[in-house]
Amino acid sequence: GSKRIRVVGEAPLVQTVGHELERSVALYGGNIVRQPGDGSETGSQEPDEVTLTTVDGGPGRGDAVAPAIAEAMALATPGDPAVRALGAEGYVVARRDGHTAIVAADAPGMLYGMFHLLRHPGCVSGPDQPAQRYEPRHALRMLDHWDNIAVHPVMGQVERGYSGGSIFYADGEVRADLSRVERYARLLASIGINSVAVNNVNVHAREARLLSDDLHAVVRMADVFRAWGIRVHLAVNFASPIILGGLRTSDPLDPDVGAWWDEATARVYQAVPDFGGYLVKADSEGQPGPFAYGRDHADGANLLARALAPFGGVVHWRAFVYNHRQDWRDRSTDRARAAYDHFAPLDGRFHDNVIVQVKHGPMDFQVREPVSPVIAAMPGTRLAVELQVTQEYTGQQQHVCYLAPAWSEILRFQPWGPDGATVSDAADGGLAAVSNVGDDPFWTGHPLAQANLYAFGRLAWEPALDPVKVLDEWIGLSFPAADDVVRATLHDIMDGSWRTYEDYTAPLGVGFMVRPGHHYGPDVDGYEYTPWGTYHFADRDGVGVDRTRATGTGFTGQYPPPWRDVYESASDCPDELLLFFHHVPYDHVLHSGPTVIQHIYDTHFAGAEAVEAMTAAWETLRGRIPDTVFERVSERMREQLRCAREWRDQVCAYFYRKSGVPDAYGRTIF
Ligand code: GCW
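Reading guide: rules and limits
- Residues numbered from 1 in each chain as written.
- Predicted model: local features only at pLDDT ≥ 70, side-chain atom pairs only at ≥ 80, totals over all residues.
- Heavy atoms only, no water.
- Near = heavy atom within 4 Å.
- Polar contact = N/O pair within 3.5 Å; in protein donor to acceptor, adjacent residues only side chain to side chain.
- Areas by Shrake-Rupley, 256 points an atom, 1.4 Å probe, with all protein chains shown as cover.
- Nonpolar A, V, L, I, M, F, W, Y, C, P; charged D, E, K, R; others polar.
- Core = buried A, V, L, I, M, F, W, Y, C linked by side-chain atoms within 4.5 Å.
- Buried < 20%, exposed > 50% of the residue type's maximum accessible area, 1.4 Å probe, protein only.
- Helix = DSSP H or I, 4+ residues; strand = E, 2+ residues; numbered from the N terminus.
- Contact = heavy atoms within 4.5 Å.
- Phe/Tyr/Trp six-rings, centres within 6.5 Å; stacked < 30°, edge-to-face > 60°.
- Axes fitted to C-alpha atoms, helices over the stretch in contact; angles between N-to-C directions.
- Parallel < 35°, antiparallel > 145°, perpendicular 65-115°, else oblique.
- Left-handed = near helix turned anticlockwise from the far one by under 90°.
- 1 Å grid on protein atoms, 1.4 Å probe; cavity = no way out; pocket = protein on both sides within 12 Å on 5 of 7 lines; lining within 4 Å.
- Points joined across faces, edges and corners; volume = space filled by probe spheres on them.
- Pairing = 2+ DSSP bridges.
- Expected span 1.5 Å × (residues − 1).
- Domains from an automatic or database assignment.
- Buried area = accessible area lost by both parts, 1.4 Å probe.
- Salt bridge = Lys/Arg side-chain N within 4 Å of Asp/Glu carboxyl O.

(A) A look at the site of the ligand. Around the ligand lies a shell of 15 residues, among which Glu159, Lys281, Arg318, Lys359 and Glu392 are the nearest. Within the side chain of Glu159, an N or O atom sits 2.5 Å from an oxygen atom of the ligand. Note that an oxygen atom of the ligand is positioned 2.9 Å from one of the side-chain N or O atoms of Arg160. The fraction of the free accessible surface of the ligand (340 Å²) that becomes covered by protein chains is 97%. When grouped by side-chain class, the residues that make up the shell around the ligand number four nonpolar, three polar and eight charged.

Spelled out as structure tokens, the structure:
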């Protein structure tokens, strides 16, 4: 409804809040009063219905303070020293006598408070609400773009990007027109993202130059993001001193190398004073790193940390380091072990402004993996957990796969057992995720993949949120005209889509049965004999990877109790991870009842059927949601259905042939 809204303050982010509210008012009616710090104001003298202010900005009106404001102020500035003060991004919402107050500790909190209003219109029109504090659970909520400036001959412009080209770069340069980036920044701010890395972690020669002669481009991107409370970070090449500086080495202990990074970093901060920091993939999949000089990853990370420290910047140093030249016959090497083996011994050696960024699982963003043991192994190090919003291994934005239920499981997982902290607690360096956005008109290729981006932001802010409720929020915001039927149908299609995807693809945690290279579609043995360390070891007797201490790679020993013992035992191991930890015969009986081979048949038939049902459900929405969205989703669902059947047939046929065990229900196996 139309409201009279008072915005108090004049910081740049408060200007953003004012403009944003003016935009909503233009659409929905209402009236904005802007009140700068000098007490002057514009607009009429009618009573306000909503006030947005900061603790320092005060109530905003000279006369009597509305009770809602007084209540919110009191909660925002607890007199009791035992109560933690509200952080700069936090805000308090209170509603009393038809007046809503949002009081933030500082301007960023006012920005997030404003988006809270837009997300929950009820708090400006509903019943009174006692004052409540809202604060992000993670201080760093980051999206990593795997965007290249130059179009890569194999990967295209965005590595593992399924939404067209980059929103940042075109024709070998940063785009002249950044208006889409501006809209992206607004979108990210609305879900609480406050950091963005604007280039791929595989830093090729062209992109390395963002740090040197292309700094002016970083300045332009940072200007756009700053208006929305977002800091820009750069992925840098560890060999930059050689590539850009003409030095003969990038040895982290060489004084000239240190001096080079100091100077390069000082230049960055001169141009972008609020620059976030560096993101580094080193000694991984061909990227240069400290190993070339006999140094370790603490030496490498600390080199950059020293250069950034005077300016308050951080290094995100990725733990995704493994030998990608393996031999499947060598059963002593295990890619799952690699991150822990490299990083756990370095705990305590990283500088304070280093954040070791750990992929959520020990392998590589498969549809099902255990939580990475690194997360429990480095209590003396700031850790960020990395998720993948781009659907590299989960249907590449051709398939509906709402990932928030998976992330929620990961973030709530308790690596030290039921009385211990969660993964989210252990991630004291925040959460990072690989973005799924490109220059596609729907931003994410598949319109329903936008829900993943939305959910990542919301869970990074509050990991305890229920992913189904988060989806419900997204539905309401994305389809404002949705009635109960549309809402229920979207839930039917999306709520369980991650498990459906798991059902028709690689079973029981085994992973990687995808086509090599692009990773789309089934190929059970596609990676079986390659050097990448991604094996399932299926033979005529059984399938799965023996990662036990007793007879396998010993990976289970990287977990603290109780998980080291739960995973070690084939009878205690949760079904969904059985083949990740154990090589078992096809007639091994699962907790859920069937044998492994029968489970493979059952889930693959059920998964493909679920996609048939999903497609039919979508069809009932024709005419109920915008045509362009409807058509794009329909087209992708046809492909999902084709692909799910292909997965079902390839996986069932493969295991039928290997095992010789027929399907108990006699279904046709192609
Ligand atoms: O999942 C793999 C991808 C690579 C990616 C790598 C990484 C950016 O297949 O494309 O490289 O992970 O996370 O570094």
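(B) Main features of the nonpolar core. In terms of nonpolar packing, the biggest core is built from 195 residues, with Leu52, Phe225 and Phe655 touching the most fellow members. Considering each element in turn, this core owes the most residues, twelve residues, to helix 20 (residues 627-659). Setting aside chain neighbours within four positions, we find Phe225 in contact with Phe168, Val181, Tyr184, Ala185, Leu188, Val196, Val198, Ile230 and Val232. Counting eleven residues, the second-largest nonpolar core is a separate cluster that includes Ala72, Met73, Leu86 and Val103.

(C) Spotlight on the packing of aromatic side chains. A full pass over the atoms with the stated rule returns 35 aromatic pairs. Taken together, a centroid distance of 6.2 Å and an interplanar angle of 20 degrees make the contact between Tyr184 and Trp443 stacked. Of this pair, Tyr184 sits in helix 4 (residues 179-190) while Trp443 sits in the loop between strand 18 (431-434) and helix 13 (450-461), and the two are 259 residues apart along the sequence. Under the relative-accessibility criterion, Tyr184 is labelled buried at 0%.

(D) A look at the packing of helix 13 against helix 14 (residues 467-478). Where helix 13 contacts helix 14, the two axes come as close as 10 Å, and the packing angle between them is 125 degrees. The angle between helix 13 and helix 14 places the two elements in the oblique class. Seen along the crossing, helix 13 lies across helix 14 with a hand that is right-handed. Only Val470, Leu471, Glu473, Trp474 and Leu477 of helix 14 make contact with helix 13, whose side of the interface consists of Gln450, Ala451, Tyr454, Ala455 and Arg458.

(E) Fine view of empty space enclosed by the protein. One pass over the structure, following the stated rule, counts seven cavities of 30 Å³ or more. Each pocket or cavity is described by its volume, and for the largest cavity that value is around 110 Å³. Around the largest cavity, the lining comprises 13 residues; the ones closest to its centre are Ala319, Phe320, Ala339, Pro362 and Met363.

(F) The pairing of strand 16 (residues 354-359), seen in detail. Among the six residues that make up strand 16, six are buried, leaving the element largely enclosed by the rest of the structure. Residues Val354, Val356 and Val358 of strand 16 are buried on one face, and the alternating residues Ile355, Gln357 and Lys359, pointing to the opposite face, are buried as well. Bridge analysis of strand 15 (residues 314-318) against strand 16 gives four bridges, and the strand direction is parallel. When the sheet's bridge partners are listed, Trp317 is paired in strand 16 with Val356. Pairing geometry for strand 16 and strand 17 (residues 382-388), over five bridges, is parallel. Looking across to strand 17, one finds that Val358 is bridged to Val385.

(G) Expanded view of the sheet that holds strand 13 (residues 231-235). One closed barrel holds the eight strands; their spatial order is 7-12-13-14-15-16-17-18, and the pairing between them is parallel. Strand after strand, the sheet turns through a mean of 25 degrees between neighbouring axes, direction not considered. For strand 13 and strand 14 (residues 277-280), the ladder comprises three bridges, and the chain directions are parallel. Among the inter-strand pairings, Leu234 is bridged to a residue of strand 14, identified as Tyr278.

(H) Local environment of helix 3 (residues 107-119). For helix 3, which comprises 13 residues, the first-to-last C-alpha distance of 19 Å matches the rise-based estimate of 18 Å (1.5 Å per residue) to within 8%. Most of helix 3 sits inside the fold, with eleven of its 13 residues counted as buried. For helix 3, the set of buried residues is Ala107, Gly109, Met110, Leu111, Tyr112, Gly113, Met114, Phe115, His116, Leu117 and Arg119.

(I) Here's a closer look at the domain arrangement of the protein. Parsing the protein into structural domains produces domain 1 (4-134), domain 2 (141-470) and domain 3 (502-545 + 583-659). Counting residues at the interface gives eleven residues for domain 1 and 14 residues for domain 2. Taken over both partners, the interface formed by domain 1 and domain 2 buries close to 1100 Å², and the fraction arising from carbon and sulfur atoms is 53%. Summed over the shared surface of domain 1 and domain 2, the result is two salt bridges. The partner of Arg141 in a salt bridge is Glu89, and the shortest N-O contact between them spans 2.8 Å. Breaking the side of domain 1 that touches domain 2 down by element, the ones donating at least two residues are helix 1 (12-28) and helix 3. For the side of domain 1 that touches domain 2, the class distribution of residues is six nonpolar, one polar and four charged.

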